[in-house]
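Descriptive analysis of the structure
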Amino acid sequence: MDVDEEMTASTSADVSVPVSGNGSAASAVDALSLQPALPVIAPVVSAPVIPPIAPIPVPIPVPRPLAPLPLRPPASRPPLAPNGDSRSSDSDSDEEESGLNRGATGPTQEYEISEESKLIRERHEKAVQELLMKRRAAALAVPTNDNAVRARLRRLGEPITLFGEREMERRDRLRALMAKLDSEGQLEKLMKAHEDEEAAASVAPSELEEDIQYPFYTEGSQALLEARREIAKYSIVKSALRLHRARRKRDDPDEDLDSEIDWSLKQAASLELECSEIGDDRPLSGCSVSHDGKMLATCSLSGVAKLWSMPEVKKVSALKGHIERATDVAFSPVNYQLATASADRTARLWNQEGSVLRKFEGHLDRLARISFHPSGRYLGTASFDKTWRLWDVETGEELLLQEGHSRSVYGISFHRDGSLAASCGLDSLARVWDLRSGRSILALQGHVKPVLGVSFSPNGYHLATGGEDNTCRIWDLRKRKSLYIIPAHSNLISQVKFEQQEGYFLVTASYDMTAKVWSSKDFKPVKTLSGHESKVTSLDIVGDGQSIATVSHDRTIKLWSSKEEKEKEMDVD
């Protein structure tokens, strides 16, 4: 008990000591140290007590009225989902609900929509309309018969066919048209067309065929009709003679066709340069040999055509009249008249003395190649206006304007019988036309670049074409396909021609400065005619196949003749 009392007294003494400064604190410590120490419990020294600092009074904030929130700038929304739902997440729906609540409590405010948002919205609406249109079109019943499709298009006041349109494309166009009428609410018109169609189905089939007749043709002139009749009469006689000769060669035991072909190829293999003559001051573009082989005609980029005597190649006369460069020249197969084509869009008919007999005008662009019909009464011209035309030589009248190529027409040739014509052009296509009916009977596809030369074989069923792909193709008109592909030259082929008497060999001219002779038996190379110093632009073959004339951009005319023929002439002399 005494100990407890002493501890209490000491503790109270400690607490009662004020801490007022350094001196007072030291005296207090001294007073404590002078007291006698307890025998059992050690004195507990307490830390000086620091009086608490009075807190700084903080003024109580007075609540002020809230200012109105500023308007939120218009934000561009992302494009709507394909299913038409504009909400992309739950947060968007919450924002819309909160916006509705704010609108209900406070005044409604309108937001401006940016141009980008308008465009996105219009694009979405357009896509939705297209989707609905496709769904509506898929649900419509569209006839599958092409004649029924044409009839419904006619009753709806639409063109029954478009250029290059096929059956399925025509049916899809009708489906889209019916869906459009349905979306515009013009069901009455559609139902009326359907009723008319059902009423027409009860009509006799003969009357329907009289209403729609296919194929259809553009009505030609009376002169064209007469020309077709004359061509048909001429071709019947010529084809009969050709077939008779072919049968005689096949059946006659005295006829040895293989030896005859070998002899002709041997003559061609012995071709040598006989004469070279400067033809003009400008590059030469075309040449042609007369039907008897006694005259040669050439034309050049100066626009002047010249006549030369054969085989001396001496100048006889000059034909001046074109105001632009001359592109081709051709002799008539029956007389000494000749025709020239020019870049001034005209062709001219000349006599041997150099006088202009006819002028053929009508093309809309420059002319390319030119060719006479085997009868000599008609002239064919090819032009860069995508057409070729047939002219009456005697009257100068345009008989036929033939379209069919998608690009410029460059070459033209006539069948030996006179019944067919072949045209080629820059659309990499060659077409065969029946002059008696006007139909395009063959479209020969195979070249990968423009076709520049075309020629019929005298055998009646082979056709040769050459083009910018450096190849010469041989087509069989009976099989309607390509028989041979000859990698003939290292540059484009400017012209191809069969030997016109029997067709035993083929000659090609090229921009690789050479002309080559090919066997028509197996189309193997026979002879290469090298001598020009520039591009060979044209060639022609003398009727018996003993001589070949070539012209080039080096301005020279070169005449190639058979060596064996020369030896025979020397023996005769």
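Residues numbered from 1 in each chain as written. Predicted model: local features only at pLDDT ≥ 70, side-chain atom pairs only at ≥ 80, totals over all residues. Heavy atoms only, no water.

**Re the overall build of the protein**
Tallying secondary structure elements over the protein gives 11 helices and 28 strands in all. When burial is assessed residue by residue, the protein has 40% of its 573 residues classed as buried. In the structure as shown, the protein presents an accessible area of about 34000 Å², 54% of it carried by carbon and sulfur atoms. (Helix = DSSP H or I, 4+ residues; strand = E, 2+ residues; numbered from the N terminus. Buried < 20%, exposed > 50% of the residue type's maximum accessible area, 1.4 Å probe, protein only. Areas by Shrake-Rupley, 256 points an atom, 1.4 Å probe, with all protein chains shown as cover.)

**Details of the sheet that holds strand E21 (residues 481-486)**
Read across the sheet, 4 strands follow the order E18-E19-E20-E21 without closing on themselves; strand pairing throughout is antiparallel. What marks the edges here is a single partner per strand, and that holds for strand E18 (451-456) and E21. Neighbour-to-neighbour, the strand axes of the sheet open up by a mean angle of 20°, direction not taken into account. Sheet analysis places strand E19 (residues 462-467) next to strand E20 (residues 472-476), joined by 5 bridges and oriented antiparallel. What sits directly across from His-462, in E20, is Asp-476. (Pairing = 2+ DSSP bridges. Axes fitted to C-alpha atoms, helices over the stretch in contact; angles between N-to-C directions.)

**A few points about the pattern of salt bridges**
Counted according to the given criterion, the structure contains 20 salt bridges. With a closest N to O distance of 3.5 Å, Lys-306 and Asp-280 form a salt bridge. One end of the pair, Lys-306, is in strand E4 (residues 305-309); the other, Asp-280, is in the loop between strand E1 (271-278) and strand E2 (284-289), with 26 residues separating them in the sequence. Linked by salt bridges that have partners in common, Asp-146, Arg-150, Glu-165, Arg-170 and Arg-173 make up one network. (Salt bridge = Lys/Arg side-chain N within 4 Å of Asp/Glu carboxyl O.)

**Some points on the packing of aromatic side chains**
Counting across every chain of the model gives 4 aromatic pairs. Ring centres of Phe-384 and Tyr-410 lie 6.2 Å apart, and the angle between their planes is 80°; on these two criteria the pair is classed as edge-to-face. Placement of Phe-384 in the loop between strand E11 (378-383) and strand E12 (388-392) and of Tyr-410 in strand E14 (residues 409-414) is noted, with a sequence separation of 26 residues between them. Judged by its relative accessible area of 22%, Tyr-410 is partly exposed. (Phe/Tyr/Trp six-rings, centres within 6.5 Å; stacked < 30°, edge-to-face > 60°.)

**Digging into the sheet that holds strand E3 (residues 295-300)**
Overall, antiparallel pairing links the 4 strands, which are arranged E2-E3-E4-E5 in an open sheet. Of all strands in the sheet, those bounded by a partner on one side alone are E2 and strand E5 (314-319). Direction aside, neighbouring strands of the sheet carry axes that sit 25° apart on average. Pairing between E2 and E3: 5 bridges, direction antiparallel. Looking at the pairing, Leu-284 lines up with Ser-300 of E3.

**Some points on the packing of helix H5 (residues 146-155) against helix H6 (residues 167-183)**
Where H5 meets H6, the axes come as close as 10 Å, and the angle between the chain directions of the two elements is 40°. With respect to each other, H5 and H6 are oriented oblique. Where H5 crosses over H6, the two elements pack in a sense that is left-handed. Along its contact with H5, which presents Asp-146, Val-149, Arg-150, Arg-152 and Leu-153, the element H6 presents Glu-167, Arg-170, Arg-171, Arg-173, Leu-174, Leu-177 and Met-178. When grouped by side-chain class, the residues that make up the contact of H5 with H6 number 5 nonpolar, no polar and 7 charged. (Parallel < 35°, antiparallel > 145°, perpendicular 65-115°, else oblique. Left-handed = near helix turned anticlockwise from the far one by under 90°. Contact = heavy atoms within 4.5 Å. Nonpolar A, V, L, I, M, F, W, Y, C, P; charged D, E, K, R; others polar.)

**Remarks on the confidence of the model for the protein**
Summarising the model, the protein shows a mean pLDDT of 80, and 73% of its residues fall at 70 or more. Counted against residues more than four places away or in other chains, residues 80-108, with its pLDDT under 50, gives 7 contacts. Low confidence marks residues 204-209, where pLDDT is under 50. Its contacts with residues over four positions away, or in another chain, come to 0 contacts. (pLDDT = per-residue confidence, 0-100.)

**Concerning the nonpolar core**
Where a protein is soluble and globular, its nonpolar side chains tend to be buried together. Ranked by size, the top nonpolar core spans 16 residues in total, and within it Phe-505, Val-507, Val-517, Leu-529, Ile-541 and Ile-548 carry the most contacts. Once you skip the residues sitting within four places of it in the chain, Phe-505 turns out to touch Ser-264, Leu-265, Ala-268, Lys-497, Phe-498, Glu-499, Val-517, Trp-518, Ser-520, Ile-541, Gly-545 and Ile-548. (Core = buried A, V, L, I, M, F, W, Y, C linked by side-chain atoms within 4.5 Å.)

**Thoughts on helix H10 (residues 257-269)**
When the terminal C-alpha atoms of H10 are compared, their 18 Å separation across 13 residues agrees well with the 18 Å that a helix rising 1.5 Å per residue should span. For H10, the complete set of buried residues consists of Ile-261, Ser-264, Leu-265, Gln-267 and Ala-268. End-on, the buried residues of H10 take up no more than an arc of 155°, which puts them together on one face. (Expected span 1.5 Å × (residues − 1). Arc of directions from axis to C-beta.)

**Things to note about H6**
A rise of 1.5 Å per residue sets the reference length of H6, with its 17 residues, at 24 Å; its end C-alpha atoms lie 25 Å apart and thus fit the reference within 8%. Every buried residue of H6 is listed here: Arg-170, Arg-171, Arg-173, Leu-174, Arg-175, Leu-177, Met-178, Ala-179 and Leu-181. Once H6 finishes, Gly-185 follows within two positions and takes phi at roughly 80°, a positive value.

**Description of the side chain of Asp-385**
Along the chain, Asp-385 falls in the loop between E11 and E12. Given a relative accessible area of 15%, Asp-385 falls into the buried group. There is a polar contact of 3.1 Å between the side chain of Asp-385 and the side chain of Ser-383. Within the local environment of Asp-385, its side chain forms a polar contact with the side chain of Thr-387, the two groups lying 2.7 Å apart. Setting aside residues up to four positions removed in sequence, Asp-385 forms contacts with His-363, Leu-364 and Asp-365. (Polar contact = N/O pair within 3.5 Å; in protein donor to acceptor, adjacent residues only side chain to side chain.)

**Examining the environment of Arg-436**
Along the chain, Arg-436 turns up in the loop between strand E16 (429-434) and strand E17 (440-445). Along the chain, Arg-436 and Leu-224 lie 212 residues apart, while their C-alpha atoms are 9.9 Å from each other. Those residues in contact with Arg-436 that sit more than four places away from it in its chain are Arg-228, Ile-231, Ala-232, Ser-235 and Ser-419.

**A few points about unusual backbone geometry**
Put simply, Met-310 and Pro-311 share a cis peptide bond, and its omega is 0°. For Pro-311, the location among the structural elements is in the loop between E4 and E5. If you check the backbone angles, Val-313 has positive phi at about 55° while not being a glycine. Tracing the chain through its elements places Val-313 in the loop between E4 and E5. Classification of Val-313 as buried rests on a relative accessible area of 4%.

**What about the side chain of Arg-431?**
Along the chain, Arg-431 falls in strand E16. For the buried Arg-431, no salt bridge exists, and the shortest N-O distance to an oppositely charged side chain is 5.8 Å, to Asp-427. Of the polar contacts made by the side chain of Arg-431, one reaches the backbone oxygen of Gly-404; its length is 3.2 Å. Polar side-chain contacts of Arg-431 include one of 3.1 Å to the side chain of Ser-440. (Lys, Arg positive; Asp, Glu negative; His and termini not counted.)

**Digging into the pairing of E11**
Burial of E11 is extensive: 6 of the 6 residues sit out of reach of the surface. Burial of E11 is two-sided: the residues Tyr-378, Gly-380 and Ala-382 facing one way and the residues Leu-379, Thr-381 and Ser-383 facing the other way are all buried. Summarising the sheet, strand E10 (residues 367-372) and E11 pair through 4 bridges and their orientation is antiparallel. Residue Phe-372 lies in a different strand from E11, and its bridge partner there is Leu-379.

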